[in-house]
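The residues making up each chain are set out below.
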Amino acid sequence: MKTLFECENMASLPTEKSSASFWHSEPSEFLLGHRTTAALPKEVDVVIVGSGITGASAARSLAEDEAAKGLSIVMLEAREACWGATGRNGGHCQPLLFERGPDVAAFELRNYHAIKSYISDNDIPCEWRALPGCRSFWTKALAKAAAKNVRELQNADPEIGKEVKVIENEDEIRKLRVNGAPGVTLTAVAASLWPYKLVTFMLEKLVKEHGLNLQTKTPVTKIEPLNPNSDDTAKGLRHTLHTSRGPLHARHIILATNGYTSHLLPSFTTLIVPERGVMTSLLPPANSTRLAASHGFVGANGGNPIHDDYLVQRPFNGMPNPRGHLMFGGGNVGKTMKTVDEDDDSVVDWGSVGYLKKALLGLLDLGGETEGIDELECTHAWSGILGTSIDQHPWVGTAPGEGMEGVWLAGGYSGHGMPNGALCGKAVVDMMLAQEAGLPVDAVQEQLVKSGNLPRSYLITKERIERCKRLDSVEVQDVKRLEGLKHLTALPGLKQQDDAKL
Ligand SMILES: Cc1cc2nc3c(=O)[nH]c(=O)nc-3n(C[C@H](O)[C@H](O)[C@H](O)COP(=O)(O)OP(=O)(O)OC[C@H]3O[C@@H](n4cnc5c(N)ncnc54)[C@H](O)[C@@H]3O)c2cc1C
């Protein structure tokens, strides 16, 4: 067991056992235990490590890019396919429009539209439902700070600004079925979905139609540069991946390992930190009506903004519960266990679950028969590992350090990967293919930024890494937030200058 402030320790490998996510209740028979070839190939052009939204999107980008024709591609996954955060999350795809600057907002909108088109072009049965995203702020200070951030967005980028409305009128807030928050924001572009079904559709298609070699239950334990004078390097191979089933040599490695990244890339130990989150699927009260929006609840029950709970509702005809599960996560108010620097998702914090089972009855007008009920029935409670970035921005690009040429990374979405992972996976592939074609990676990165295909703040650069060394560790940031202290950094929905008003 790790102790407080031990975040210099690198992450462990994904645990063999994990808590049971609702999203895995209808697994892909084709992918369970899938190994496209019985044996691991010995030499590969590109190895993708990880089979969540990032790994699947990287593989899809390779499959769709002429420049990648002829490259052999293997995906290695420690567990079953899509058994990490993507198979355990809140099922919410909501671009953050006013929290992290207009370039991030525009990029997240692009991700949203890219996912939406892929789903509709392929008619993917993943319960995609476009609906407004409602974020309620439960203290006046938080509501004021959110309204200010929205105003700033509207000044900086009026076009994107049109997508968000601030609502402070009590009656209008009640119409959204929110019980008594002083302010809400309503974002027009958001959706709920069954993320496992989206990603496993992509993976099945890639294996069946595009020659992807997927190897599940194959953890990569270590990456080592090959001896520069060996015969293998003469063939263009650069690294050995040690796995539970023996070694393989690769020319390029794409790490799509999110919260577990530092196990293979120890230099990322303080930059992307594993954090355990909790989710529940709850049965709504009998005869309740379906919610018209997805919901985020910031600062509910006590005013601390780290209390950031999130909710989407499944379709009403979804079996086995025809009333539509309430997929509700967060639960920091009730937590009894440490969450930061924790990478074991076989463990569930029942304190958080207890809070989640009760809280919705107070936060929302769920309708239906609620009299005499003080908690909702819970069908599943599970945990998942987020990759929390020390500066809240994802990391996309080449792994730093000597001997790392050909190792690429996309991850660290800080609990917000659905409107990021698809195009971050594509961006890292664009960089890799440009390098294959003999182009300088710096120039390609600049091009990606200029064309809006990657925010500058996501690039892995020496300067960014140096800057991050001067920040509080993720663990210290969390402790300060929990204690409601000043000097908070990059708090979701709040900018530093607003902290003093809390
Ligand atoms: C509880 C919870 C709720 C969330 N809710 C939302 C939400 O509502 N909306 C949203 O946008 N985001 C949400 N997120 C965040 C989102 O799920 C992630 O940002 C996103 O899924 C990350 O995708 P990924 O593909 O990069 O990583 P993952 O989906 O975590 O995939 C990484 C994969 O790599 C594999 N792996 C790791 N190391 C190795 C290794 N050494 N060898 C082989 N395989 C390895 C893992 O087993 C895993 O399958 C939530 C996260 C959690 C945990």
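Here is a short report on the structure shown in this document. Predicted model only: the values in this text are computed from it and were never measured.

1. Quick word on the overall build of the protein
A count of helices and strands for the protein gives 13 helices and 19 strands. Scaling as 2.2 N^0.38, a compact globule of 502 residues should have a C-alpha radius of gyration of about 23 Å, and the protein matches this with 22 Å. Structurally, the protein occupies a C-alpha span of about 70 × 50 × 45 Å along its principal axes. Expressed as a percentage of the 502 residues in the protein, the buried residues total 57%. In the protein, 77% of the contacts between residues at least 6 apart in sequence involve partners at least 24 apart. Of the roughly 20100 Å² that the protein leaves accessible, carbon and sulfur atoms contribute 52%. Averaging the positions of the 52 positive and the 61 negative side-chain charges in the protein gives two centres separated by 2 Å.

2. Examining the packing of aromatic side chains
Overall, the coordinates contain nine aromatic pairs when judged by the stated rule. With centroids separated by 5.9 Å and ring planes inclined at 85°, the aromatic side chains of Phe297 and Phe328 adopt a geometry described as edge-to-face. One end of the pair, Phe297, is in strand β14 (residues 294-298); the other, Phe328, is in strand β16 (residues 326-329), with 31 residues separating them in the sequence. Here Phe297 matches Phe328 in class, with each residue buried. Just above the ring of Phe30 sits the side chain of Lys208; from NZ or CZ to the centre is 4.4 Å. The ring of Trp395 carries Arg464 above its face, with NZ or CZ at 3.4 Å from the centroid.

3. A short note on the site of the ligand
Close to the ligand lie 39 residues; Thr54, Glu77, Thr86, Gly90 and His92 are nearest. Within the backbone of Ala85, an N or O atom sits 3.0 Å from an oxygen atom of the ligand. Within the contact set of the ligand, a nitrogen atom lies 2.9 Å away from a backbone nitrogen or oxygen of Val220. For the shell around the ligand, the elements supplying multiple residues, two or more each, are α1 (53-64), β13 (272-283) and β17 (377-389). Of the residues forming the shell around the ligand, the biggest block, three residues, is contributed by β17.

4. Considering the environment of Asn9
The residue Asn9 is located in the segment before β1 (43-49) in this model. The sequence separation of Asn9 and Asp341 amounts to 332 residues, and the corresponding C-alpha distance is 8.4 Å.

5. Description of the pairing of strand β2 (residues 73-76)
As a general feature of sheets, a regular strand has side chains that alternate between the two faces. Residue alternation in β2 divides its side chains into two sets, Ile73 and Met75 and Val74 and Leu76, and both sets are buried. Bridge count for β1 against β2 is four bridges, and the pairing is parallel. Bridge assignment links Val46 to a residue of β2, and that residue is Ile73. For the crossover from β1 across α1 to β2, the handedness is right-handed. Direction of pairing for β2 relative to strand β9 (residues 213-215): parallel, over a ladder of three bridges. Counterpart to Leu76 in the pairing with β9 is Gln215.

6. Describing the pattern of salt bridges
Note that side chains of opposite charge can pair when their charged atoms are close. Under the defined criterion, the tally for this structure stands at 30 salt bridges. The salt bridge involving Lys197 is made with Glu26; its shortest N-O contact spans 2.6 Å. Of this pair, Lys197 sits in helix α6 (residues 195-210) while Glu26 sits in the segment before β1, and the two are 171 residues apart along the sequence. For Glu26, a relative accessible area of 35% gives the class partly exposed. Residue Asp232 pairs with Lys235 through a salt bridge whose shortest N-O separation is 3.7 Å. Exposure remark for Asp232: the relative accessible area of 18% places this residue in the buried category.

7. Things to note about the side chain of Arg177
Here Arg177 lies in the loop between α5 (170-175) and β7 (183-187). Although Arg177 is buried, it forms no salt bridge, and the closest oppositely charged side chain is Asp365 at an N-O distance of 5.1 Å. A distance of 3.3 Å separates a polar side-chain atom of Arg177 from the backbone oxygen of Arg290. The contact partners of Arg177, leaving out residues within four places of it in the chain, are Thr289, Arg290, Leu291, Leu363, Leu364, Asp365, Leu366 and Gly367.

8. Thoughts on the sheet that holds β14
Pairing in this open sheet of eight strands is mixed, and the strands run β6-β7-β5-β14-β15-β16-β13-β17 from one edge to the other. The two strands at the open ends of the sheet, each matched to only one other strand, are β6 (164-167) and β17. Looking at each pair of strands side by side, their axes are set apart by 20° on average, direction ignored. Along the sheet, helix α3 (residues 140-156) contacts β5 (133-137), β6, β7 and β14; its crossing angle with β6, the most-contacted strand, is approximately 150°.

9. Considering the sheet that holds strand β8 (residues 191-192)
Strand order in the open sheet formed by three strands is β3-β8-β4, with antiparallel pairing between adjacent strands. What marks the edges here is a single partner per strand, and that holds for β3 (92-93) and β4 (129-130). Note: β3 against β8, two bridges, orientation antiparallel. Residue pairing for β8: His92 is matched across the bridge by Ser192.

10. Some points on the nonpolar core
Membership of the largest hydrophobic core comes to 79 residues, with the highest contact counts inside it found for Ile48, Leu62, Trp128, Leu198, Ile254, Val396 and Leu454. Among the elements that make up this core, the one with the highest residue count is helix α10 (residues 421-436) (ten residues). Beyond its immediate stretch of four places on either side in the chain, Leu454 contacts Phe107, Val396, Cys424, Ala427, Met431, Leu448, Val449 and Leu459. The next biggest cluster of nonpolar side chains, apart from the first, holds 30 residues, and it includes Leu40, Leu76, Leu248 and Ile460.

About the cut-offs
- The residue numbering used here restarts from 1 in each chain and proceeds along that chain's sequence as written.
- Per-residue local features of the predicted model are confined to residues with pLDDT of at least 70, and side-chain atom pairs are confined, for both listing and counting, to 80 or more; whole-chain, interface and lining totals are unaffected and use all residues.
- In computing side-chain properties, one takes all heavy atoms of the structure into account and sets aside hydrogens as well as water.
- Labels follow the DSSP assignment, with helices taken as runs of H or I lasting at least four residues and strands as runs of E lasting at least two, numbered in each case from the N terminus.
- For the radius of gyration, the atom set is restricted to C-alpha positions; the globular benchmark scales as 2.2 Å times the number of residues to the power 0.38.
- Accessible area is worked out with a 1.4 Å probe on protein chains only. A residue is then buried under 20% of its type maximum, exposed over 50%, and partly exposed in between.
- Any two residues having at least one pair of non-hydrogen atoms within 4.5 Å are treated as being in contact.
- Per-residue accessibility takes into account occlusion by the displayed protein chains alone, with areas from the Shrake-Rupley method and a 1.4 Å probe.
- Residues counted as positive are Lys and Arg, residues counted as negative are Asp and Glu, and His and the chain ends are not counted.
- For this purpose, a charge sits on NZ of Lys, CZ of Arg, CG of Asp or CD of Glu.
- Pairing of aromatic rings covers Phe, Tyr and the six-membered ring of Trp, with a centre-to-centre limit of 6.5 Å; geometry is then stacked below 30 degrees between planes, edge-to-face above 60, and tilted otherwise.
- We call a charge positioned above a ring when the Lys NZ or Arg CZ atom is no farther than 6 Å from the ring centre and deviates by at most 35 degrees from the ring normal.
- We call a residue near a given molecule or strand whenever any one of its heavy atoms falls within 4 Å of it.
- Counting of polar contacts relies on pairs of N or O atoms within 3.5 Å, with two restrictions inside protein: one atom must be capable of donating a hydrogen and the other of accepting it, and residues adjacent in sequence are counted only when both atoms are side-chain atoms.
- For two strands to pair, DSSP has to find at least two bridges joining them.
- Throughout, right-handed denotes a crossover for which the path from the first strand over the helix to the second runs clockwise when the strands point away from the viewer.
- Just to be clear on terms, a salt bridge is a Lys or Arg side-chain nitrogen sitting within 4 Å of an Asp or Glu carboxyl oxygen.
- Axis lines are fitted to C-alpha atoms, over the contacting stretch for helices. Their N-to-C directions set the angle, which ranges from 0 to 180 degrees.
- Note on terminology: a nonpolar core comprises buried Ala, Val, Leu, Ile, Met, Phe, Trp, Tyr and Cys residues joined through side-chain atoms within 4.5 Å.

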